[in-house]
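What follows is each chain in one-letter form.
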Amino acid sequence: VVRSTAVGVLSDLPGPTTTRILRDAVNDPDARVQANAIEALDRLNVEDRLPYIKAKLSSPHSRVRANAVRALGRLRAVAGDPELAGLVRDPRERVRDEAILALGESGVAAAAETLEPLTRDESAKVRLLALRALGRVHGVVVVADLLHRRALEAQVSGGAGDPCCDTFAVGA
C-alpha cells in the first residue's frame, strides 16, 4: 500500500527521475503500483508513455487494464486497436465500461464499428454507454437517427422500445 501511494504522489513531482521511476513502476509485481503508475504517467503527460501503457491492456488485473484503457482514450490511441476493441467484451464491468468510454473519447470514426453492435447488448448499461460514446464520435444527430431506426424496428416487430434509448434521448 505504501509503494502504491508513493507512486500516486509522484504525479505531483514532474521530472526525469519521476518519469524513470514511473516507467519502472508500470512493471512492478504489485498491481496497485502498476495501476497508480499508469495514472501518474498519464497525468504527467509523459511524452513516450504510450508503449508502457499499451502493454498493460493484457494485464490479468482489471484495475490495471481499466486504467490503461482510460489513459489510452485520453491519448486518442484506441480506435482501430483490436486489443482494445476486445476489451469492450471484458468480463469485468469496470474494464468494459472504460473501453467503451475510451472509444467515445477517441472521437475517431473507426470506433463506431466497435460501438454500434454494443447498442444491442443485453446489458442496458452497456447499451447506454455505447450510445453516449457514439454521440461523442458522430454527434447527437447520428445517434438520434439510430434511436429513431430502433424505435421503428420495435414498432414493426411489435416489441417494446428500449428503455435505455429513452434514457439517452432524455439525457442527450
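This text goes with the structure placed above it.
Note that the structure is a prediction, hence the values are computed from the model and not measured.

Thresholds, definitions, all that
- Residues numbered from 1 in each chain as written.
- Predicted model: local features only at pLDDT ≥ 70, side-chain atom pairs only at ≥ 80, totals over all residues.
- Heavy atoms only, no water.
- Helix = DSSP H or I, 4+ residues; strand = E, 2+ residues; numbered from the N terminus.
- Buried < 20%, exposed > 50% of the residue type's maximum accessible area, 1.4 Å probe, protein only.
- Contact = heavy atoms within 4.5 Å.
- Areas by Shrake-Rupley, 256 points an atom, 1.4 Å probe, with all protein chains shown as cover.
- Expected span 1.5 Å × (residues − 1).

Looking now at the overall build of the protein chain. A tally of regular secondary structure across the protein chain gives 11 helices and zero strands. Here the protein chain holds 172 residues, and the buried ones make up 47% of them. A separation threshold of at least 6 residues defines the contact pool for the protein chain, and within that pool the share at least 24 residues apart is 59%. Total accessible area on the protein chain is roughly 9,000 Å²; 56% of this is exposed by carbon and sulfur atoms.

Looking now at the environment of L84. Residue placement: L84 occurs in helix α6 (residues 82–87). Residues L84 and R96, spaced 12 residues apart in sequence, show a C-alpha to C-alpha distance of 9.6 Å.

Here helix α7 (residues 93–106) contains 14 residues, and its C-alpha end-to-end distance of 20 Å stays within 8% of the 20 Å for a straight helix at 1.5 Å per residue. Burial within α7 is extensive, with 10 of its 14 residues counted as buried. Residues of α7 that are buried include every one of V95, R96, D97, E98, A99, I100, A102, L103, G104 and S106, and no others. On the buried face of α7, the contacting elements are α5 (62–74), α6, α8 (112–118) and α9 (124–138). Just downstream of α7 lies G107, where phi reads positive at about 70°.

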